[in-house]
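Structural description and commentary
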Amino acid sequence: LRAMLPLSLLKTAINTPILVELKTGQTYNGTLHSIDSWMNMNLTSCVLTSADGSEFWEVESVYLRGSGIKYFRVQEEVGERVKAEER
């Protein structure tokens, strides 16, 4: 596996499913709507899971600050598209 810049990966992931975990432990599963150069992102059609995993909420849209993101996960196809675009 080759390392790639997270911002190029996220820009390619717009309009695809994404999982984001915040430093607080909360997770958001939704569709990435937009991203900026500070990794602030807007997600739509989300399911928010509490840090302990005991509660779930449906959220129509949410704005997440890049500085609060612990990690994110996108579909494998997104990484393959980034590699193809770099060629």
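Thresholds, definitions, all that
Residues numbered from 1 in each chain as written. Predicted model: local features only at pLDDT ≥ 70, side-chain atom pairs only at ≥ 80, totals over all residues. Heavy atoms only, no water. Pairing = 2+ DSSP bridges. Helix = DSSP H or I, 4+ residues; strand = E, 2+ residues; numbered from the N terminus. Axes fitted to C-alpha atoms, helices over the stretch in contact; angles between N-to-C directions. Core = buried A, V, L, I, M, F, W, Y, C linked by side-chain atoms within 4.5 Å. Buried < 20%, exposed > 50% of the residue type's maximum accessible area, 1.4 Å probe, protein only. Contact = heavy atoms within 4.5 Å.

Moving on, we come to the sheet that holds strand β3 (residues 41–49). Taken together, the five strands give an open sheet; going across it, the order is β4-β3-β2-β1-β5, and neighbouring strands pair in antiparallel fashion. One side of each edge strand has no neighbouring strand; the edge strands of this open sheet are β4 (56–64) and β5 (69–74). For this sheet the average axis-to-axis angle between neighbouring strands, irrespective of direction, equals 30 degrees. With five bridges joining them, strand β1 (residues 17–22) and β5 adopt antiparallel strand pairing. If you follow Val20 over to β5, its bridge partner there is Phe72.

What follows deals with the nonpolar core. Counting 20 residues, the largest nonpolar core has Ile18, Val20, Met41, Leu43 and Leu64 as its most contacted members. Put simply, the parts of the chain that give this core at least two residues each are α1 (6–12), β1, β2 (27–35), β3, β4, β5 and α2 (76–86). A per-element tally of this core places β3 first, with four residues. Those residues within four positions of Met41 in sequence are excluded, and the remaining contacts are Leu10, Ile18, Val20, Leu32, Ser34, Ile35, Val62, Tyr63, Leu64 and Ile69.

Everything listed here is a matter of coordinates, which is why it stays silent on function.
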